[in-house]
Amino acid sequence: MSKSPSPVSSSKSFQKFLSLSFPLLVLAGLFACGGSSKNTLTGGGGGGGGSRTVNDMLFAADFNRIAGNTAGWCPTDSAGNVAAVTTLRIWDSGMKWADIETAPGTYDWTKIDLTVNTLATNPNCAMTVIYTVGNTPPWASACAGQPDPGTCLPGPTSSGYGGGVWCAPQDGTHDFSCTPPSDVASDGTGTDLQFQTFIAALADRYAGKIAYYEVWNEADSPNFWCPDAGSPATCTGSLPRMVRMGWDLYNIVHCADPKASVLSPSFHGFSSAAGGWMNLYSTQTSISAPAGSITLPTSGKTCTWAANPNVIGKDTFDITNFHGRGSPTSDPTGFLAVYNVAVGEIQRDNLPTKLFDDENGYIGSADAPTVDLQAAYVSISYVLRASVTNPPILLSAWYAWDGPQGELQGTNAGLAYDVTAGWLSGSTLTNGCAIAGTIYSCSGTTSAGKPFTITWDMSPSLMSSCNTSCATVNQPVPSSAYTTWTDLNGAQHSISGGIPVGYKPILVE
């Protein structure tokens with residue numbers, strides 16, 4: 001499960017404060033701008049307008065328990081429909097580096113073989129695969145053989161270090177997972193053979209089957225990767241180490257499978273500013289990378305790459321990838337602020353404008369305690385992601401389709417995901433979404449040229465009403481050409497005298 005970073009120093013506490021407050025300030029500005037009859041447009045980088053055609057690829061999902069399913073399984077919603085998921089992300093599902101390579105050169109491919117070779121290829125629900133790298137095995141860690149808790153492991157505790165304070169899941173079971181490998185030095189030199197060997201085995205085994213490799217999960221978070229400064233000394237130089245590992249992964253993946261693409265380490269809004277983690281990784285951290293050579297164990301092919309005296313992070317990926325949750329995660333419109341600061345980083349460092357958001361969703365059930373709140377959150381999340389244009393978001397993976405955090409499997413929230421996908425797939429949203437007061441209106445045309453508007457109301461009273469039974473307010477029909485409205489259960493209704501607008505989006509056409 002992905003978590004927000006733990007505060008580990010006064011500077012990190014301030015960083016966390018910014019991560020919480022900045023999106024709220026931006027949203028407050030958005031609502032204030034929409035407080036009169038003048039509409040505010042969202043949808044382009046920095047709030048500009050534009051239009052984009054929504055591709056089915058947008059509808060992706062993380063899966064926590066996918067490898068526990070049988071061969072004929074497909075994800076389904078509460079109505080029994082096969083889910084609109086076109087891409088699955090492997091993370092938090094028992095297939096991380098430490099799960100697979102249990103000892104040096106000893107691999108357990110059982111779960112990932114089932115997932116990649118059988119479940120993802122089911123013709124009834126075929127899905128493209130993203131593999132997210134992360135979780136250093138204890139034997140490969142710079143802290144291998146050290147006591148736990150101990151002074152090598154990150155996360156200050158009453159006994160020194162360790163105890164899972166930083167490394168997720170923060171229960172002491174994976175204290176090594178956010179530490180760097182022992183064979184990569186703080187300046188990015190070293191053999192990096194432990195990591196290279198794993199990536200070579202993985203990319204070779206699944207060549208033509210895994211389409212995307214994510215350099216590392218949330219490397220801007222101390223839950224998943226050592227912070228570059230502070231205690232313990234193990235974490236010093238973690239940025240150069242990650243640049244080196246990303247560089248090696250990039251070269252090995254493209255050698256093993258030239259059709260595969262590499263995603264940047266996933267990052268958050270709080271690390272997107274100048275001097276933030278993603279800025280430091282992308283262009284501000286330079287390493288002198290040695291030449292590399294490794295033989296792929298399945299194909300027997302030897303991959304080689306030349307020494308490079310000036311490698312920076314942006315050299316290590318093809319696609320920019322962020323996690324677009326806002327703060328607090330109970331508000332799906334918080335995505336807009338996160339998107340805008342991520343776009344600022346893309347522009348600042350001239351990063352690839354091919355953009356993914358491979359972890360979308362609320363953090364826990366407290367953020368969306370009822371089915372109505374969950375359904376509304378899912379739908380709003382995808383409509384807003386479909387509306388942005390500069391650059392567009394090509395993929396957004398819900399976290400997690402079958403997990404306790406945001407579960408959509410067999411639920412009405414899953415039905416809302418599928419209904420919203422039906423509204424958006426193949427459509428063109430024009431000029432983003434207009435905000436008038438607390439009402440959002442996102443207009444476009446279907447692939448057949450039929451106009452529509454998706455609308456909802458972010459009024460706190462209407463949101464809170466969904467704790468029991470969602471209330472609505474009768475609003476004027478956006479266009480005299482519209483004759484029907486459709487709810488998140490997929491039921492279509494005739495328009496008579498107005499439309500019922502509440503927190504749960506409706507489609508008017």
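Everything below is about the structure printed above this text.
Fair warning: this is a prediction, and the values are worked out from it, not measured in the lab.

*Asks:* What should I look at first to understand the overall build of the protein in this one?
*Replies:* Each helix and strand in the protein was counted, giving 10 helices and 24 strands. Per-residue burial for the protein yields a buried fraction of 57% across its 509 residues. For the protein, the proportion of contacts with a sequence separation of at least 24, taken over those separated by at least 6, is 74%. Entry remark: accessible area of the protein is about 17,700 Å², with carbon and sulfur atoms responsible for 54%.

*Asks:* I'm lost on the pattern of salt bridges in this one. Help?
*Replies:* Under the counting rule described, the total for this entry stands at 13 salt bridges. Salt-bridge contacts for Glu345 lead to Arg348; the nearest nitrogen and oxygen are separated by 2.7 Å. With a gap of three residues between them, Glu345 and Arg348 both fall in helix H7 (residues 335–349), about one helical turn apart. Salt bridges sharing partners connect three or more residues here, namely Asp62, Arg89, Glu214, Arg325, Asp358 and Glu359.

*Asks:* What's the story with the environment of Cys466 in this structure? I'm lost.
*Replies:* Checked against the element boundaries, Cys466 lands in the loop between helix H10 (460–465) and strand E20 (472–475). Its relative accessible area of 0% is what places Cys466 among the buried residues. Remark: the alpha-carbon pair of Cys466 and Ala368, spanning 98 residues in sequence, is separated by 9.5 Å.

*Asks:* Explanation requested: helix H3 (residues 110–119) in the structure shown.
*Replies:* An α-helical turn contains 3.6 residues, so a residue and the one three or four places further along point in the same direction. All of the buried residues along H3 are Ile112, Asp113, Thr115, Val116 and Leu119. The inward-facing, buried residues of H3 contact strand E4 (87–90), helix H2 (97–100), strand E7 (128–132) and helix H4 (193–205).

*Asks:* Looking at this structure, how should I read the nonpolar core?
*Replies:* What tends to happen in soluble globular proteins is that the nonpolar side chains get buried as a cluster. In this structure, Ile112, Tyr131, Tyr213 and Trp216 are the most contacted members of the largest nonpolar core, which totals 115 residues. Excluding anything up to four places from it in sequence, Tyr131 contacts Ile90, Met95, Lys96, Trp97, Ile100, Ile112, Phe198, Leu202, Ile210, Tyr212, Tyr213 and Glu214. With eight residues, the next largest nonpolar core counts Ala60, Tyr212, Phe356 and Ala397 among its residues.

*Asks:* Got a minute to help me understand the sheet that holds strand E14 (residues 320–322) in this structure?
*Replies:* Two strands in a sheet stick together by hydrogen bonds in their backbones, pointing the same way (parallel) or opposite ways (antiparallel). Strand order in this open sheet of eight strands is E9-E8-E7-E4-E3-E16-E15-E14, and the pairing throughout is parallel. At either end of the open sheet lies a strand with only one pairing partner, and these are strand E9 (261–263) and E14. Averaged over all pairs of adjacent strands, the angle between strand axes in this sheet comes to 25 degrees, irrespective of strand direction. Across the sheet, H3 lies against E4 and E7, angled at about 170 degrees from E4, the strand it touches most. Seen against the sheet, helix H5 (residues 238–256) touches strand E8 (212–214) and E9 and runs at an angle of roughly 155 degrees to E9.

*Asks:* What exactly am I supposed to notice about the pairing of E7 here?
*Replies:* Consecutive side chains of a regular strand alternate in pointing toward one face of the sheet and then the other. The element E7 is extensively covered by neighbouring structure, given that four of its five residues are classed as buried. Sheet topology note: the E4/E7 ladder contains four bridges and is parallel. Along E7, the bridge assignment pairs Ile90 with Tyr131. Bridging between E7 and E8 involves three bridges; their strand directions are parallel. Residue pairing across strands places Ile130 opposite Tyr212, the latter belonging to E8.

*Asks:* Looking at this model, I keep getting lost on the packing of H4 against H5. Mind explaining?
*Replies:* Helix-helix packing: each pair is described by the crossing angle between the helix axes and the interaxial distance. One can describe the packing of H4 onto H5 by two numbers: an axis separation of 9 Å at closest approach and a directional angle of 30 degrees. Considering their axes alone, H4 and H5 lie roughly parallel with respect to each other. The handedness of the crossing between H4 and H5 is right-handed. On the side of H4, the interface is formed by Phe195, Gln196, Ile199, Ala200, Ala203 and Asp204, while H5 contributes Arg244, Met245, Asp248, Leu249, Ile252, Val253 and Ala256. Taken together, the residues of the contact of H4 with H5 sort by class into nine nonpolar, one polar and three charged.

*Asks:* How should I be thinking about the packing of aromatic side chains in this particular structure?
*Replies:* Aromatic ring pairs are defined here through the distance separating the ring centres and the angle between the ring planes. On inspection of all chains with the given rule, the structure shows 20 aromatic pairs. Ring centres 5.0 Å apart and planes at 20 degrees place the aromatic pair Phe59 and Tyr382 in the stacked group. Here Tyr382 lies in helix H8 (residues 371–387) and Phe59 lies in strand E3 (residues 59–63), a separation of 323 residues in the sequence. Here Phe59 falls in the buried class, since its relative accessible area comes to 0%. Aromatic pair Trp216 and Trp225: ring centres 5.1 Å apart, planes at 65 degrees, arrangement edge-to-face. Accessibility expressed as a relative area gives 1% for Trp216, which makes it buried. For Trp225, a relative accessible area of 0% corresponds to the buried category. Aromatic rings pair up to connect Trp97, Phe195, Phe198, Trp216 and Trp225 into one cluster. Of note, Lys96 hangs over the ring of Trp91, and the distance from its end group to the ring centre comes to 4.0 Å.

*Asks:* Explain the environment of Val262 to me, please; I cannot follow it from the model alone.
*Replies:* Mapping Val262 onto the fold places it in strand E9. Sequence-wise, Val262 and Gly246 are 16 residues apart; in three dimensions their C-alpha atoms are separated by 9.2 Å. Setting aside anything within four residues of it in sequence, one finds Val262 in contact with Tyr213, Val215, Leu249, Tyr250, Val253, His254, Thr316, Phe317, Asp318 and Ile319.

*Asks:* How do you make sense of the packing of helix H6 (residues 277–284) against H7 when you look at a structure like this?
*Replies:* Where H6 contacts H7, the axes come no closer than 10 Å and their chain directions differ by 20 degrees. Here H6 lies roughly parallel to H7, going by the angle between them. For the element pair H6 and H7, the recorded crossing hand is right-handed. Residue-level inspection shows Met278, Asn279, Ser282 and Thr283 of H6 in contact with H7, the latter providing Glu345, Arg348 and Asp349.

*Asks:* How should I be thinking about H7 in this particular structure?
*Replies:* The first and last C-alpha atoms of H7 sit 21 Å apart over 15 residues, in line with the 21 Å expected at 1.5 Å per residue. Of all 15 residues that make up H7, 11 are buried, and the element is covered over most of its length. Inspection of H7 places Phe335, Leu336, Ala337, Val338, Tyr339, Val341, Ala342, Val343, Glu345, Ile346 and Asp349 among the buried residues, and these make up the whole buried set. Looking one or two residues past H7, Asn350 carries a phi angle of roughly 50 degrees, positive in sign.

Rules used in this analysis
- Residues numbered from 1 in each chain as written.
- Predicted model: local features only at pLDDT ≥ 70, side-chain atom pairs only at ≥ 80, totals over all residues.
- Heavy atoms only, no water.
- Helix = DSSP H or I, 4+ residues; strand = E, 2+ residues; numbered from the N terminus.
- Buried < 20%, exposed > 50% of the residue type's maximum accessible area, 1.4 Å probe, protein only.
- Contact = heavy atoms within 4.5 Å.
- Areas by Shrake-Rupley, 256 points an atom, 1.4 Å probe, with all protein chains shown as cover.
- Salt bridge = Lys/Arg side-chain N within 4 Å of Asp/Glu carboxyl O.
- Core = buried A, V, L, I, M, F, W, Y, C linked by side-chain atoms within 4.5 Å.
- Pairing = 2+ DSSP bridges.
- Axes fitted to C-alpha atoms, helices over the stretch in contact; angles between N-to-C directions.
- Parallel < 35°, antiparallel > 145°, perpendicular 65-115°, else oblique.
- Left-handed = near helix turned anticlockwise from the far one by under 90°.
- Nonpolar A, V, L, I, M, F, W, Y, C, P; charged D, E, K, R; others polar.
- Phe/Tyr/Trp six-rings, centres within 6.5 Å; stacked < 30°, edge-to-face > 60°.
- Lys NZ or Arg CZ within 6 Å of the ring centre and 35° of its normal.
- Expected span 1.5 Å × (residues − 1).

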